[in-house]
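Spelled out from the first residue to the last, the chains are:
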Amino acid sequence: MLTNKIIKLRIENFRGLNDLEINFNSGNYFLLAGKNGVGKTSILEAINYAFSSKYSKFTEIVEGDFCTDTEIKISIELND
């Protein structure tokens, strides 16, 4: 069970998210809302990938997960 809260999330070069930073420090809840294809699921899968200790169907990184170029690393950073 997670005892700390995620304060900040930064994602670079993951799926359609070239450079994204979200600050969650405004309360206990955070809502992701938007049209299809804008990155809501990508944000959740990036968080899942950051917390996963093993690869699964949802956390395996494939070439299509790179936003721009496979030479540029994917970066997912969580701060609590």
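Rules and cut-offs
- Residues numbered from 1 in each chain as written.
- Predicted model: local features only at pLDDT ≥ 70, side-chain atom pairs only at ≥ 80, totals over all residues.
- Heavy atoms only, no water.
- Core = buried A, V, L, I, M, F, W, Y, C linked by side-chain atoms within 4.5 Å.
- Buried < 20%, exposed > 50% of the residue type's maximum accessible area, 1.4 Å probe, protein only.
- Helix = DSSP H or I, 4+ residues; strand = E, 2+ residues; numbered from the N terminus.
- Contact = heavy atoms within 4.5 Å.
- Expected span 1.5 Å × (residues − 1).

Help me understand the nonpolar core, please; the structure alone is not making it clear to me.
Generally speaking, a soluble globular protein has its nonpolar side chains buried in company with each other. Core analysis: the biggest nonpolar cluster contains eleven residues, these being Ile 6, Leu 9, Ile 11, Phe 14, Leu 17, Ile 22, Phe 24, Ile 43, Ala 46, Ile 47 and Ile 76. Mapped by element, the contributors of at least two residues to this core are strand 1 (8–14), strand 2 (17–23) and helix 1 (40–51). When near neighbours in sequence (up to four residues on either side) are disregarded, Phe 24 contacts Ile 6, Ile 7, Lys 8, Leu 9 and Phe 30.

What exactly am I supposed to notice about helix 1 here?
Each full turn of the α-helix corresponds to 3.6 residues, which orients residues three or four apart in the same direction. The terminal C-alpha atoms of helix 1 lie 17 Å apart, and with twelve residues this matches the ideal 16 Å at 1.5 Å per residue to within 8%. When we look at burial in helix 1, the residues that qualify are Ser 42, Ile 43, Glu 45, Ala 46 and Ile 47.

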